[in-house]
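One letter stands for each residue in the lines below.
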Amino acid sequence: MPFPSHFKHCPNCGTAVDYRIPPDDNRERAVCPACAAIHYQNPLNVVGTLPVWEEDGRVLLCRRAIEPRHGLWTLPGGFMELGETCAEGALRETVEEAGADVEMGPLYTMLNVVRVGQVHLFYYARLRSLDFNPGPESLEAKLFAEHEIPWDEIAFKTSRETLRCFFDDRRAGRALGLREIDIP
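Note that the coordinates shown come from a computational prediction; the quantities given were computed from them, not determined experimentally.

Visitor: Teacher, can you tell me more about the overall build of the protein chain here?
Guide: Within the protein chain, the secondary structure is distributed over 2 helices and 11 strands. Beginning at the N terminus, the succession of helices and strands in the protein chain can be written as β-β-β-β-β-β-β-α-β-β-β-α-β. Its C-alpha atoms give the protein chain principal-axis dimensions of roughly 60 × 35 × 30 Å. Counting over 184 residues, the protein chain shows a buried share of 41%. Considering only contacts in the protein chain between residues 6 or more positions apart, those separated by 24 or more positions represent 60%.

Visitor: Explain the pattern of salt bridges here, please?
Guide: Two side chains bearing opposite charge may form a pair once their charged atoms approach each other closely. Under the definition given, this model contains 15 salt bridges. Put simply, Arg-92 and Glu-93 hold a salt bridge, and the shortest N to O gap is 3.0 Å. When the shortest N-O distance is used, the salt bridge between Asp-168 and Arg-171 registers 2.4 Å. Taken together, the residues Asp-168 and Arg-171, both in helix 2 (residues 157-172) and 3 residues apart, mark about one turn of the helix. Accessibility expressed as a relative area gives 54% for Arg-171, which makes it exposed. Salt bridges linked by common partners bring Glu-146, Glu-161, Arg-164, Asp-168 and Arg-171 together as one network.

Visitor: I keep staring at empty space enclosed by the protein and nothing clicks. Help me out?
Guide: Regions of empty space are outlined by a rolling probe, equal in size to a water molecule, passed over the atoms. Under the counting rule described, the total for this entry stands at 1 cavity of 30 Å³ or more. Reported here for the largest cavity is a volume of approximately 30 Å³. Cys-62, Arg-64, Ile-66, Thr-74, Glu-97, Glu-137 and Ser-138 together form the lining of the largest cavity. Residue classes in the lining of the largest cavity are distributed as 2 nonpolar, 2 polar and 3 charged.

Visitor: Can you walk me through the layout of surface pockets in this structure?
Guide: In this structure, the second largest pocket spans a volume of roughly 600 Å³. The wall of the second largest pocket is formed by 29 residues, among which Val-46, Pro-68, Gln-118, His-120 and Phe-156 lie closest to the centre. Looking at the lining of the second largest pocket, the elements that each hand over two or more residues are strand 7 (77-79), helix 1 (86-98), strand 9 (118-127) and helix 2.

Visitor: Hey, could you run me through the state of the cysteines in this one?
Guide: Here a disulfide denotes one covalent bond, and it connects the sulfur atoms of two cysteines. Inspection of every chain in the model, using the stated rule, returns 0 disulfides. This cysteine, Cys-165, is not joined by any disulfide, and Cys-86 carries the nearest cysteine sulfur, 18 Å off.

Visitor: I tried to follow unusual backbone geometry on my own but got confused; where do I start?
Guide: Most peptide bonds are trans, and most residues other than glycine sit at a negative phi. With an omega of 0 degrees, the peptide bond between Glu-67 and Pro-68 qualifies as cis. One can find Pro-68 in the loop between strand 5 (58-64) and strand 6 (73-74). Phi is positive for Arg-69, close to 70 degrees, though the residue is something other than glycine. You can see Arg-69 is positioned in the loop between strand 5 and strand 6.

Visitor: Would you take a moment to explain helix 2 for this structure?
Guide: The α-helix winds at 3.6 residues per turn, so residues separated by three or four positions along the chain end up facing the same way. For helix 2, which comprises 16 residues, the first-to-last C-alpha distance of 22 Å matches the rise-based estimate of 22 Å (1.5 Å per residue) to within 8%. Among the residues making up helix 2, those that are buried are Thr-158, Ser-159, Thr-162, Leu-163, Cys-165, Phe-166, Phe-167 and Asp-169. Its buried side turned inward, helix 2 meets strand 4 (44-53), strand 5, strand 6, strand 8 (102-113), strand 9 and strand 11 (179-182). Immediately beyond the C-terminal end of helix 2, within one or two residues, lies Gly-173, with a positive phi of roughly 70 degrees.

What counts as what
Residues numbered from 1 in each chain as written. Predicted model: local features only at pLDDT ≥ 70, side-chain atom pairs only at ≥ 80, totals over all residues. Heavy atoms only, no water. Helix = DSSP H or I, 4+ residues; strand = E, 2+ residues; numbered from the N terminus. Buried < 20%, exposed > 50% of the residue type's maximum accessible area, 1.4 Å probe, protein only. Contact = heavy atoms within 4.5 Å. Salt bridge = Lys/Arg side-chain N within 4 Å of Asp/Glu carboxyl O. 1 Å grid on protein atoms, 1.4 Å probe; cavity = no way out; pocket = protein on both sides within 12 Å on 5 of 7 lines; lining within 4 Å. Points joined across faces, edges and corners; volume = space filled by probe spheres on them. Nonpolar A, V, L, I, M, F, W, Y, C, P; charged D, E, K, R; others polar. Disulfide = S-S within 2.5 Å. Expected span 1.5 Å × (residues − 1).

Function cannot be read off these values alone, since they describe shape.
What follows is the structure, encoded as structure tokens:
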């Protein structure tokens, strides 16, 4: 599936790039006709957590105060920043969006969202407190039992799938293990 061209001009020299297949490659790339630099477009990482109050299995969701999907619920997460690990980014996003105190656990879901060039990584996180202080990107942060989750108001398929996996595993008594999921 073709993606919109990201590069219009060479970041190295400013010349307008051409899109073509470079020698010894197999896909179209942004190639600078002036300095011959080849520029690659790669998937973006979205990192977040599945924050769980382990005493009763409720999960923490945030109601979005920003677009896309303003007013809908999601797991805390966002784009990974340069200079941080996946887990550090997931923790940062959880603090920024929910103001939650969590203990980071293992990577729980890896979701390939090929159509938009993203990989979403959600870590299991144990809530250490029920005090939340949502940041400016969230209208509110709230705990939900499975039967309370507003399934028709979940903002993103990746959050929905991660929640579904968690509650399926919990009902079946399965240990947490990494789930890799392709999102159409």
